[in-house]
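Residue strings, one per chain:
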Amino acid sequence: MQSFVSKEDGISPAVCSLDCPDQCGLLVHKKAGKIVKIEGDPNHPVTQGAICNKVRLMTERLYDPKRLTTPLKRVGAKGEGTFTPISWEEAIEIIASNWQELIENEGPESILPYSFYGNMGNINAEGMDRRFFHRLGASQLDRTICQAAGSVGYRYTMGGAYGTDPEETTETKLFILWGINAVSTNMHQMMLAQKARKNGAKIIVIDVHKNQTGKMADWFIPIVPGTDSALALGMMHILFKEKLVNEPFMKKYTVGYQQLEEHVKQYDPETVSVITGVPVDDIYKLSRMYAATSPSLIRIGNGLQHHDNGGMIVRTISCLPALTGAWLEKGGGALKSNSGFLSHNSSALQRPDLLKNKQTRVFNMNELGKVLLETTPPVRSLYIYNCNPAVVTPDSNKVRKGLAREDLFTVVHDLFLTETATFADVVLPATSAFENTDFYTSYWHHYIHMQKPIIEPYGDSKSNTEVFRLLARSMGFTDDALQDSDEELVRQAVHHPENPFLKDVQFDELDEKLYIKADRKSFSLDNLTTPSHKIELYSETMVKDGYPGLPTHIPLVDDGEFPFLFVPGPNHNFLNSTFSNNDKHITLEKEPKVHINQLDAQKLGIADGDMIRIWNNQGECELIAAVGENVLPGVLVSQGLWADTPGKKQLVNALTPDRLSDMGGGATFFSGRVACSKELS
Ligand SMILES: Nc1nc2c(c(=O)[nH]1)N[C@H]1C(S)=C(S)[C@@H](COP(=O)(O)OP(=O)(O)OC[C@H]3O[C@@H](n4cnc5c(=O)[nH]c(N)nc54)[C@H](O)[C@@H]3O)O[C@H]1N2
Ligand SMILES: Nc1nc2c(c(=O)[nH]1)N[C@H]1C(S)=C(S)[C@@H](COP(=O)(O)OP(=O)(O)OC[C@H]3O[C@@H](n4cnc5c(=O)[nH]c(N)nc54)[C@H](O)[C@@H]3O)O[C@H]1N2
Ligand code: SF4
Ligand SMILES: [Mo]
């Protein structure tokens, strides 16, 4: 199957490969072997033909003249970006001989893979790569940059990544979009909410930035960054005090509600208002509305967990639906991630047995700068794919200093010569997802998708799986598992009888139908995957893990004297750093802005449209001030991970801390402090 790409023109169904919860069904139009148009698949049950602008313009990226077509070898200084084309044979030979030498002299753990989900396809993002590096015995990477803290926090309450089925949210009557910029980052949830709104639903947005989503809300509630646990606890205080809780539900389905009632007495609305900046009256109004409106859904975003206390924030918010019993109603409950419903057979896919019980060291991806500059014995080689750490990883000046090390042998596999790739010794050209076989599992809706290749590989590009097969052969690794075809990899991974929601899904059926919905019938509030099988308002496991057993507000880490909290999130027209190098997308996004409250701007003599300097002890950047009331005083919000551009200083991660969050070793992008001024350096 995977080697066969139809020569025929026509329209093929496909799935979006990007790291986005919506995982849209697409229709890809092909003419003379080239993709000429991408649109939404109107038959897709959830995404129903609507797609974002980014992917509607994807052909610009697929055929961008800057796309890599051959392997490259560095001829200039690291970071300078001067390369010469080489053959695949030469590229693989350089990599294999470097690694063989390193393995002999310094051991396999001197080699570190570094990747994330630039392509969400499971076999290309966490399949053959894992097999290969397990067999090699490389150091391992803890992939914590995105949702780690919140996932752990949510799991303490609910047992795993199980939430409301988004398809049922047309029935929802109250949406609380909490720390999620859904208009940009989960557009179909917004569309479903709009549909529900026609039937009288209300949309509340709780955010530190009145962005595109906040502007569409019926009620926007601005909050001080990192204080959402306090607000949720204040709501619980009112729900208990005013007897708005659903006692029979709590009795039947939860652990610890009586302790919680006592515990939240300290979070009276006056105290909470001082912490959160939310007026006392609004805390009452929100709590009463939440209790009175049913079904209610809390859509928990990833933004609000990119904080020092992000795990506890999500842990706390996810307790709320249990107080009102919102879970019992169709369209009610909470939705952080639904990936639990679609979990595949990861041990069959990743083959941890190839490690042969070796305990290799593990590095947290958020600490890449430290890992490269401070580890002994040192990491001597990086293999980077599906990821652009020179732009996306916190404290990026430190990351780049590490990448510039002369004694570090770096390979980057990507579609473009990214900022990260400019530091590589060898660059390998990657296929796009439309050139690959893979399967995809959404972390929002309940569908598993099959993707078959629609076009031939661009230039001499190769998929991730194919490169690892070549590397395995060249390294003399003879294990059959390292030569399995893409189809075999998918087949092994989707066969997962242990996941009750996918137990009946077979490869052949998926291959034929292209998407199948997980069967959530066996999901039961009586039988959650927490230790008690109930919703754990009090968690013994948390106590064992060193946290308070009850949801608690824990302030952000003291990050020094700088006057502003800096929240540099994603933007509408890029997908993390993807598209930030594509002209059409840059034009749509216009320029990198930083939102500042007018009171702060006035004090600093900053006018709307001024280029301002933002700095802290780690570095600086220059962004264009958007003055107004979209953020609270003391907060700066920027949007987008902009590409390096000559003469501009727009690398926001130069300023973000590489501290780890309270849970899961997550990132703390939004908990850093900065100063700003009109004076440029
Ligand atoms: N267009 C587009 N879509 C994307 C992405 C993209 O880059 N562009 N990225 C994809 C990826 S990988 C992810 S993880 C998701 C991320 O998408 P979301 O889950 O929406 O997360 P963010 O956009 O990072 O942040 C969401 C909101 O949280 C707010 N926020 C920050 N701190 C706090 C806080 O302390 N409290 C509250 N209440 N709000 C806070 C921010 O202002 C922002 O509006 O989107 C995915 N989809
Ligand atoms: N300041 C700040 N920083 C952030 C965030 C934030 O909100 N603020 N968000 C964070 C979050 S949530 C995330 S998830 C990370 C995301 O960070 P990354 O995972 O680095 O995501 P992208 O920037 O989209 O880069 C993905 C890269 O993978 C490449 N790629 C795509 N498909 C393939 C393929 O099949 N093979 C190979 N080899 N390469 C491929 C793309 O061309 C692109 O260069 O960023 C984090 N960084
Ligand atoms: S990026 Fe998200 S919204 Fe856009 S097409 Fe892909 S899955 Fe759909
Ligand atoms: Mo993410």
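Refer to the structure presented above.
A quick note: this is a predicted structure, and the numbers were derived from the prediction, not measured.

### A few points about the site of ligand 3
No. 1: Surveying the vicinity of ligand 3 reveals the residues Cys16, Leu18, Cys20, Asp22, Gln23, Cys24, Ile51, Cys52, Lys54 and Val55.
No. 2: At a threshold of 2 Å from the grid points, most atoms of ligand 3 map onto the largest cavity.
No. 3: Per-class residue counts for the shell around ligand 3 are seven nonpolar, one polar and two charged.

### Let's talk about the side chain of Asp484
No. 1: On the secondary structure map, Asp484 appears in the loop between helix 21 (464-474) and helix 22 (486-494).
No. 2: Residue classification places Asp484 among the buried residues on the basis of a relative accessible area of 13%.
No. 3: Sequence-distant contacts of Asp484, defined by excluding residues within four places in its chain, comprise Met128, Arg131, Arg469, Leu489 and Gln492.

### Remarks on the pattern of salt bridges
No. 1: Per the counting criterion, the structure on display carries 37 salt bridges.
No. 2: Here Asp64 ties to Lys66 by a salt bridge, and the two come within 3.4 Å at their closest N and O atoms.
No. 3: Looking at Asp64, the relative accessible area reads 6%, which means it is buried.
No. 4: Taking the relative accessible area as the measure of exposure, Lys66 reaches 42% and is therefore partly exposed.

### Here we look at the pairing of strand 3 (residues 34-40)
No. 1: Here strand 2 (residues 25-31) pairs with strand 3 via six bridges, running antiparallel. Across the sheet, residue Lys31 finds its bridge partner in strand 3, namely Lys34.
No. 2: Adjacent in sequence and paired antiparallel, strand 2 and strand 3 are bridged by two residues, among which Ala32 carries a positive phi angle near 50°.

### Quick notes on the packing of aromatic side chains
No. 1: As enumerated under the stated definition, the model contains 22 aromatic pairs in all.
No. 2: Both rings, one in Phe249 and one in Tyr253, keep their centres 4.7 Å apart while their planes meet at 40°; by these two values the pair is tilted. Of this pair, Phe249 and Tyr253 are both found in helix 11 (residues 247-253), four residues apart, which corresponds to roughly one turn of the helix. Of the two residues, Phe249 and Tyr253, both sit in the buried class.
No. 3: An aromatic cluster is present here, built from Trp99, Phe132, Phe133, Tyr383, Tyr385, Phe468 and Phe477 joined pairwise through their rings.
No. 4: Cation over ring: Lys462 sits above Trp88, and NZ or CZ is 5.2 Å from the ring centre.
No. 5: Across from the ring centre of Trp615, 4.5 Å away, lies the NZ or CZ of Arg613, which sits over that ring.

Criteria and thresholds
Residues numbered from 1 in each chain as written. Chains lettered and ligands numbered in written order. Predicted model: local features only at pLDDT ≥ 70, side-chain atom pairs only at ≥ 80, totals over all residues. Heavy atoms only, no water. Near = heavy atom within 4 Å. 1 Å grid on protein atoms, 1.4 Å probe; cavity = no way out; pocket = protein on both sides within 12 Å on 5 of 7 lines; lining within 4 Å. Sits in = over half its atoms within 2 Å of the grid points. Nonpolar A, V, L, I, M, F, W, Y, C, P; charged D, E, K, R; others polar. Helix = DSSP H or I, 4+ residues; strand = E, 2+ residues; numbered from the N terminus. Buried < 20%, exposed > 50% of the residue type's maximum accessible area, 1.4 Å probe, protein only. Contact = heavy atoms within 4.5 Å. Salt bridge = Lys/Arg side-chain N within 4 Å of Asp/Glu carboxyl O. Pairing = 2+ DSSP bridges. Phe/Tyr/Trp six-rings, centres within 6.5 Å; stacked < 30°, edge-to-face > 60°. Lys NZ or Arg CZ within 6 Å of the ring centre and 35° of its normal.

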